[in-house]
Amino acid sequence: MLIFFLLKSLAELEALCTHLYIGTDLTQRIEAEKALLELIDSPECLSKCQLLLEQGTTSYAQLLAATCLSKLVSRVSPLPVEQRIDIRNYILNYVASQPKLAPFVIQALIQVIAKITKSGWFEVQKDRFVFREIIADVKTFLQGAMEHCIIGVIILSELTQEMNLVDYSRPSAKHRKIATSFRDTSLKDILVLACSLLKEILAKPLNLQDQDQQNLVMQVLKLVLNCLNFDFIGSSADESADDLCTVQIPTTWRAIFLEPETLDLFFNLYHSLPPLLSQLALSCLVQFASTRRSLFSSPERAKYLGNLIKGVKRILENPQGLSDPGNYHEFCRFLARLKTNYQLGELVMVKEYPEVIRLIANFTITSLQHWEFAPNSVHYLLTLWQRMVASVPFVKSTEPHLLDTYAPEITKAFITSRLESVAVVVRDNLDDPLDDTTTVFQQLEQLCTVSRCEYEKTCTLLVQLFDQNAQNYQKLLHSASRVTVDMAIQEGRLAWLVYLVGTVVGGRLTYTSTDEHDAMDGELSCR
C-alpha cells in the first residue's frame, strides 16, 4: 500500500513535515522523502497542500505545501493553464492575507509564483499573456501597508532571479527566449520602480530601529542587485571570474545611467544605512562601475567616471563604514572594477584624480598593514594597483598619473607588513599565511608588476632587509643561548624575503629591462 494513503489526517501530514525538516532519525527522514514524492504524484496533492496551508499549525507544514507546489509546477509536462492561474492567484491571496508568515515560507511560496510565471511567459488566453499580469498584481501590493510592500518587492526579486536561472534539464534556447523577452518587456520597469522606492525611503527620516523598514530597504536593494546581475546577453559568464566582469546593460537603459541622481542615490544609501544594508548598496555600485563602456559616448563616459570617482573620494574621506568586513570587501571590489572598465588615461583626466589616488594609496597601505583583517579582499586592491602600473607605458595623457610616487609605497607596505606578521604568527601560534601557497603566489604575482615601478627603490629595500635579516639569523645560529621562537621568527622572515626576491626578479620584462635593472637583479639573486 502506498505510504501516501496512510497520510489520512492533518496530524500525520504535520508529522511528515517534522521528520522531513527537523527530524534526526535518518530512516524516518528517508520514509518522509518517499512520502513527499508520492504526495506530489497523487491526484489529491493540491487539496492536501491547501489543507496544510490553511490548517497547518507549524511553518514546516506550510513549507511542505510550498515544496510540493514547486515540484508540481516544475514538471516537464505542465499543468493545465487554468489550474496554474488558480494556483498563482491562490498563493497571491494567501500571502496577502498572512503577511506574518515565516520569511522562508513566504520565499518558498513566491518561488512557486516565479516558476509558474516563467514557464507560462508566452502562453496566451483570450489574446492576453495571462502570466505576465503578475507585474500589475505586484503594484497592488506596493500600494498597501509596509508588510504588503515587502512581499511585492520579494515577488519581483524572486521573479527576476528565476528568469535569470538556467534550468539545464530544459532546452536552453527556450530559457534564452523567455529571459530576453522578460529583459525587453519588464526588467527596466522593475529597476525604475525599485529606484523610485529607494528614493521615497531616503526622502523620509530613516527609522533604523524599525525592523519592517530595514527589511523593506534590504529587499529593494536585493531587487536592484538582481536586475543589475541579470545575464543580459546570454553569456552565462563564470561567476568566479569576478574581476573580468562587464555588465552588458541594454542601450534602452542609457537614460537611467546618465542621470547623476542614480549614482548619488546609492552613494547616499551607503552613507545612511547600517552595515548589513550599506554593503548591498556597495554591491549595486560595483555593478554600476562595471557598466559596459559602449553604453556611453566619450563625454558621457568621462562624466559618469567623474561621478564614480567623487563617490570614492567621499567614502574614503568618511571611512567609518569600511571597518565592517562586508563593506570593506565590496569597496575593494568596487575599486578593482573601476580599473577593469576604465583606462588609466581616462582616470587621470578626472579633476579629483590626484586627491583620490592619494586616498586610495593610503587606504591600501593601511589595509596591507592590517594583514589579518579581511585577507581575501586584498586581492582586489592588488589587482587595482597591478593594472594601474601595467597601463603606464600606454598612457598618452600629459596629466601626471602619480604612480611613481605611490606604487613604491604600496610595495614597501606589502613587504614590511609580511615580515612584521611573522612574529605575531609564531608567538600567537596562528595559521601561517605562507602555508596558503595559492593565495601567496597570487598576491606575489600581482605585487611583481607593482614592484617594477621605480624598481630601484624596491631593490634597495629588499637588499637592506635581506642583509639585515641574514645577519641576525647568523648571530642566532652562533649564539649558545638561542631561543627556538626567535629562530622560527627569523626563518619565517627569510622565507618571505626569498619569495619576494624571486617574485621581483621573475617579473623582469625583456622589452622594458635596462642594464641598471639587470645589475639590481644580480644583486638580489646572489643573495
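Please read all numbers here as calculations on a predicted model, not as lab measurements.

## Looking at the overall build of the protein
Helices and strands together make up the secondary structure of the protein, namely 23 helices and two strands. Dimensions along the principal axes, computed over C-alpha positions, put the protein at roughly 85 × 60 × 45 Å. Within the protein, the proportion of its 527 residues that are buried is 50%. Pairs at least 24 residues apart make up 77% of the contacts formed inside the protein by residues separated by at least 6 positions. When the 49 positive and 60 negative side-chain charges of the protein are each reduced to one mean point, those points stand 5 Å apart.

## Describing unusual backbone geometry
The phi angle of most residues is negative, glycine excepted, and most peptide bonds adopt the trans form. In this structure, Leu402 is a non-glycine residue whose phi angle is positive, near 65°. Among the structural elements, Leu402 can be located in the loop between helix 18 (375-391) and helix 19 (403-427). Taking the relative accessible area as the measure of exposure, Leu402 reaches 22% and is therefore partly exposed.

## Describing the packing of aromatic side chains
Per the counting criterion, the structure on display carries 16 aromatic pairs. Taking the centre distance of 5.2 Å and the plane angle of 55° together, the rings of Phe257 and Phe288 count as tilted. Within this pair, whereas Phe257 is found in helix 11 (residues 254-258), its partner Phe288 is found in helix 13 (residues 275-289), the two being separated by 31 residues in sequence. By relative accessible area, which is 3% here, Phe257 ends up buried. A centroid spacing of 6.1 Å and a plane angle of 70° characterise the contact between Phe267 and Phe334, whose relative ring orientation is edge-to-face. Linking Phe267 in helix 12 (residues 260-272) with Phe334 in helix 15 (residues 325-341), this pair joins segments that are 67 residues apart in sequence. Of the two residues, Phe267 and Phe334, both sit in the buried class. Here the aromatic cluster, defined as three or more aromatic residues joined through ring pairs, consists of Trp121, Phe182, Phe230, Phe232 and Trp253. The residue whose ring lies beneath Arg452 is Tyr455, and the NZ or CZ to ring-centre distance is 3.9 Å.

## What about the nonpolar core?
Grouped together as the largest cluster of nonpolar side chains are 177 residues, with contacts concentrated most on Leu221, Phe257, Phe266, Phe331 and Trp385. A per-element tally of this core places helix 9 (residues 172-203) first, with eleven residues. Each of domain 1 (1-77) and domain 2 (433-526) accounts for three or more of the residues forming this core. Ignoring any residue separated from it by four or fewer positions in sequence, one finds Phe266 in contact with Cys195, Leu198, Leu221, Val224, Ala281, Cys284, Leu285 and Phe288.

## Description of helix 13
Helix length check: helix 13, at 15 residues, gives a terminal C-alpha distance of 20 Å against a target of 21 Å (1.5 Å per residue), a fit within 8%. The element helix 13 is extensively covered by neighbouring structure, given that twelve of its 15 residues are classed as buried. What helix 13 keeps buried is the set Leu277, Ser278, Leu280, Ala281, Leu282, Ser283, Cys284, Leu285, Val286, Gln287, Phe288 and Ala289. Elements in contact with the buried residues of helix 13: helix 10 (211-228), helix 11, helix 12, helix 14 (298-317) and helix 15.

## As for a negative patch on the surface
Among the surface-exposed residues, Asp404, Glu454, Glu456 and Glu516 lie close enough to one another that they form a single negatively charged patch. Positionally, Asp404 belongs in helix 19. Classification of Asp404 by relative accessible area gives partly exposed; the value is 35%.

Reading the values: rules and limits
Residues numbered from 1 in each chain as written. Predicted model: local features only at pLDDT ≥ 70, side-chain atom pairs only at ≥ 80, totals over all residues. Heavy atoms only, no water. Helix = DSSP H or I, 4+ residues; strand = E, 2+ residues; numbered from the N terminus. Buried < 20%, exposed > 50% of the residue type's maximum accessible area, 1.4 Å probe, protein only. Contact = heavy atoms within 4.5 Å. Lys, Arg positive; Asp, Glu negative; His and termini not counted. Charge placed at Lys NZ, Arg CZ, Asp CG, Glu CD. Phe/Tyr/Trp six-rings, centres within 6.5 Å; stacked < 30°, edge-to-face > 60°. Lys NZ or Arg CZ within 6 Å of the ring centre and 35° of its normal. Core = buried A, V, L, I, M, F, W, Y, C linked by side-chain atoms within 4.5 Å. Domains from an automatic or database assignment. Expected span 1.5 Å × (residues − 1). Patch = residues over 30% accessible without salt bridge, like charges linked within 9 Å, V, L, I, M, F, W, Y side chains within 5 Å. Areas by Shrake-Rupley, 256 points an atom, 1.4 Å probe, with all protein chains shown as cover. Salt bridge = Lys/Arg side-chain N within 4 Å of Asp/Glu carboxyl O.

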